[in-house]
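One-letter residues, chain by chain:
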Amino acid sequence: MQRSQRTHYNHSLEYAINCANENNLSVIVYFGLYDQYPSANLRHFAFMLQGLKDVKENLTKRNIPFIISNEHPANGVLSLAKNAALIITDKGYLKHEKVFRKQVADQVECPMLQVESDVVIPVTSASNKEEYAAHTIRKKIHNKLSEYLNTFTNTKLNKTLSKEFLDNIQKELGPEIDLNQPTNDILKNLNIDKSVNPVSSFVGGENAAHEIFENFLENKLKEYLDKRNDTKEEACSNLSPYLHFGQVSPLYLALKTYEFTKDYYHDFLEQLIVRRELSFNFVYYNQDYDSLDSLPTWALETLNAHREDKRQVYSISELELPNTHDEYFNACQMELLKSGKIHGYFRMYWGKKIIQWSNSPEEALNRLIYFNDKYALDGRDPNGYANILWCFGKHDRPFKERRVFGKVRYMSEKALKRNSSPKHYIAKFKTYEQ
Ligand SMILES: Cc1cc2nc3c(=O)[nH]c(=O)nc-3n(C[C@H](O)[C@H](O)[C@H](O)COP(=O)(O)OP(=O)(O)OC[C@H]3O[C@@H](n4cnc5c(N)ncnc54)[C@H](O)[C@@H]3O)c2cc1C
């Protein structure tokens, strides 16, 4: 278990239990807590550990052992694999996630399977190629919804392993990470990047995710279409950190939302399934997902044509602090620093401003990926790369030509005022400053 960090609606876990039952074998769930995980820091580890505590508690209730060790996931799996008949893992979409899985697959003797559980429609079933935009993937996804929107129930594991066997395995893997300790004590002993503080705005874990979702269904979903851009209304779900860590199943969210709305085209499902799975399609089929080379030709050409345009430039530290003349941008950056996320509507503005105030599109891209991956709890994700590249024209169309952006869509303060409540947003940011 690396990406789908949950026990509820986890296809990999259920598949493993079913295979074990059929073969009169048992299951061990393993998680490699890796200090040097790419771009992960204290903020991410704190949130993730809160989630892993839920995993342990919920697996224990089902009599399924959960082993977690402080090492590279591939190494941990390889030492466990000596005793295994079959390895089942969740699917990773980003480059480093694929490398981890390949390292195991290349070295194990038993069969290894990947089971996809963090999208509603498996990526290659939704489409067999990189899609151009939401309008080209939407119909393909909708055509498959009735096939994939299925509920499932937890299977009971029939055969359990002895305590002695499990203790021996744990010994081979090194000291056990005791998830019953306070999270801060576990974090203290990890050799991780501690430069970014954890946030109190989000508590990690499947239990918290379900509570947030229930509240969203009951109190916010009705307002989602009209008010999701308005920060004052707080009509968004705030589920992206949980989806990023696999602490909640998108299938479960989709099923429950459909039960409520009876509308496959509901705007929340458009974001959760069509837009999100367009991002998975992008990173799966385009290995340049973190580079401007992934842009359509029109976007690259227009950005190149405007390279020499005069512009105001801020240094990376001025942006990071933040210390710009633009109070809306400062508010976005402050929200990111202090809460670990930016409201979706303002996040587009934030991305566009970084393009406007950088020396080149390449510099802007590096800055955006750096900030998003460092501070956002939902960063380091297919959605992060797809949406950052969207700021440069990916999955979008040409607009009226202007300075720096060329034909790439621009976002003005006027748009913020028209569609949201920027004054309210700034006031909220002031409270973060204190
Ligand atoms: C520059 C930039 C960077 C971004 N980086 C990330 C990121 O690192 N991780 C991330 O999950 N999202 C990212 N987004 C997309 C979007 O801003 C967030 O998904 C959304 O704001 C999350 O808040 P929510 O859970 O309340 O969303 P809701 O509005 O409640 O939507 C529900 C879910 O739908 C999905 N979703 C919503 N908007 C989008 C979108 N535009 N594209 C794809 N899926 C979407 C998300 O999984 C979200 O959790 C980024 C957007 C921009 C412009």
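Residues numbered from 1 in each chain as written. Predicted model: local features only at pLDDT ≥ 70, side-chain atom pairs only at ≥ 80, totals over all residues. Heavy atoms only, no water.

**Student:** How should I be thinking about unusual backbone geometry in this particular structure?
**Tutor:** Both trends apply: most residues other than glycine have a negative phi, and most peptide bonds are in trans. Here the residue pair L321 and P322 is connected by a cis peptide bond, since its omega of 0° sits within 30 degrees of zero. Although it is not a glycine, S39 adopts a positive phi angle of roughly 60°. Secondary-structure assignment places S39 in the loop between strand 1 (29–32) and helix 2 (42–61). One non-glycine residue with positive phi stands out, namely E234, at about 50°. If you trace the backbone, E234 turns up in the loop between helix 10 (224–227) and helix 11 (240–244). (Helix = DSSP H or I, 4+ residues; strand = E, 2+ residues; numbered from the N terminus.)

**Student:** Can you walk me through the domain arrangement of the chain in this structure?
**Tutor:** Frequently, the measure chosen for interface size is the accessible area removed from exposure when the parts meet. According to the domain assignment, the chain consists of domain 1 (1–117), domain 2 (119–151 + 204–285) and domain 3 (292–433). Once you take the C-alpha centre of each, domain 1 and domain 2 turn out to be 24 Å apart. Across the domain 1 to domain 2 interface the summed buried area is about 2,100 Å²; carbon plus sulfur atoms make up 56%. Together, Y9, F47 and Y93 form the three largest contributors to the area buried by domain 1 at its contact with domain 2, with a combined 31%. Linking domain 1 with domain 2 are 11 residue pairs in polar contact (both at pLDDT 80 or more), by the criterion used here. With 8 residues, the single largest contributor to the side of domain 1 that touches domain 2 is helix 2. (Domains from an automatic or database assignment. Buried area = accessible area lost by both parts, 1.4 Å probe. Polar contact = N/O pair within 3.5 Å; in protein donor to acceptor, adjacent residues only side chain to side chain.)

**Student:** Can you walk me through the site of the ligand in this structure?
**Tutor:** Around the ligand lies a shell of 23 residues, among which Y224, S237, N238, N372 and N383 are the nearest. One of the side-chain N or O atoms of Q271 is found 3.3 Å from a nitrogen atom in the ligand. Separating a nitrogen atom of the ligand from a side-chain N or O atom of R347 is a distance of 3.2 Å. Those elements that place two or more of their residues in the shell around the ligand are helix 11, helix 13 (267–285), helix 17 (344–356) and helix 19 (382–390). (Near = heavy atom within 4 Å.)

**Student:** Mind showing me how you'd approach the packing of helix 6 (residues 134–148) against helix 13 here?
**Tutor:** Two quantities define a packed helix pair, namely the angle between the helix axes and the distance between the axes. Running from N to C, helix 6 and helix 13 cross one another at 115°; their axes reach a closest spacing of 10 Å. One way to sum up the angle between helix 6 and helix 13 is to call them roughly perpendicular. The chirality of how helix 6 crosses helix 13 is right-handed. Residues A134, I137, R138, I141, H142 and L145 of helix 6 pack against E270, I273, V274, R275, E277, L278 and N281 of helix 13. In terms of residue class, the contact of helix 6 with helix 13 is made up of 7 nonpolar, 2 polar and 4 charged. (Axes fitted to C-alpha atoms, helices over the stretch in contact; angles between N-to-C directions. Parallel < 35°, antiparallel > 145°, perpendicular 65-115°, else oblique. Left-handed = near helix turned anticlockwise from the far one by under 90°. Contact = heavy atoms within 4.5 Å. Nonpolar A, V, L, I, M, F, W, Y, C, P; charged D, E, K, R; others polar.)

**Student:** Can you help me understand empty space enclosed by the protein in this one?
**Tutor:** Over the atoms a probe the size of a water molecule is rolled, and this reveals where empty space is left. Counted according to the given criterion, the structure contains 1 cavity of 30 Å³ or more. Along the wall of the largest cavity there are 20 residues; nearest its centre are Q2, Q5, Y37, M48 and R380. Looking at the lining of the largest cavity, the elements that each hand over two or more residues are strand 1, helix 2 and helix 4 (95–107). In terms of residue count, the dominant contributor to the lining of the largest cavity is helix 4 (4 residues). (1 Å grid on protein atoms, 1.4 Å probe; cavity = no way out; pocket = protein on both sides within 12 Å on 5 of 7 lines; lining within 4 Å. Points joined across faces, edges and corners; volume = space filled by probe spheres on them.)

**Student:** I'm lost on the pattern of salt bridges in this one. Help?
**Tutor:** Side chains bearing opposite charge may pair, as long as their charged atoms lie close to each other. As enumerated under the stated definition, the model contains 25 salt bridges in all. As a salt-bridge pair, K394 and E130 come within 2.7 Å of each other at their nearest N and O atoms. A residue pair is termed long-range when its members are at least 10 positions apart, and K394 in the loop between helix 19 and helix 20 (413–419) and E130 in the loop between helix 5 (123–126) and helix 6 qualify at 264 residues. The class for E130 is partly exposed, based on a relative accessible area of 27%. Overlapping salt bridges, with partners in common, bring together R3, R6, E97, D118 and D381 in one network. (Salt bridge = Lys/Arg side-chain N within 4 Å of Asp/Glu carboxyl O. Buried < 20%, exposed > 50% of the residue type's maximum accessible area, 1.4 Å probe, protein only.)

**Student:** Would you take a moment to explain the UniProt feature "domain: Photolyase/cryptochrome alpha/beta" (unreviewed entry) in the chain for this structure?
**Tutor:** As annotated in UniProt, the feature "domain: Photolyase/cryptochrome alpha/beta" (unreviewed entry) corresponds to residues 1–123 in the numbering used here. Taken end to end, residues 1–123 is 44% helix and 13% strand, and its first and last C-alpha atoms sit 19 Å apart. (UniProt positions renumbered as here; feature names shortened; annotations may be inferred.)

**Student:** I tried to follow the pairing of strand 1 on my own but got confused; where do I start?
**Tutor:** Within a regular strand, the side chains alternate between the two sheet faces. With burial as the criterion, each face of strand 1 is covered, one bearing V29 and F31 and the other bearing Y30 and G32. Pairing of strand 1 with strand 2 (residues 66–69), which is carried by 4 bridges, proceeds in the parallel orientation. Looking at the pairing, F31 lines up with I68 of strand 2. (Pairing = 2+ DSSP bridges.)

**Student:** Got a minute to help me understand the layout of surface pockets in this structure?
**Tutor:** In this structure, the second largest pocket encloses a volume near 920 Å³. Lining the second largest pocket are 36 residues, and of these I28, A84, L86, I87 and I88 sit closest to its centre. Those elements that place two or more of their residues in the lining of the second largest pocket are helix 1 (11–22), strand 1, helix 3 (73–80), strand 3 (87–90), helix 4 and helix 7 (163–173). With 5 residues, helix 1 is the single largest residue contributor to the lining of the second largest pocket. Partitioned by chemical class, the residues of the lining of the second largest pocket number 26 nonpolar, 7 polar and 3 charged.

**Student:** When you look at the packing of helix 16 (residues 327–339) against helix 17 in this model, what are you seeing that I'm missing?
**Tutor:** Remark: helix 16 packs on helix 17, axes separated minimally by 9 Å, with the N-to-C direction vectors making an angle of 110°. With respect to their mutual orientation, helix 16 and helix 17 come out roughly perpendicular. Our pair here, helix 16 against helix 17, has a crossing hand that is left-handed. Residues Y328, F329, C332, Q333 and L336 of helix 16 form the contact with helix 17, whose participating residues are F346, Y349, W350, K353 and I354. For the contact of helix 16 with helix 17, the per-class residue count stands at 8 nonpolar, 1 polar and 1 charged.

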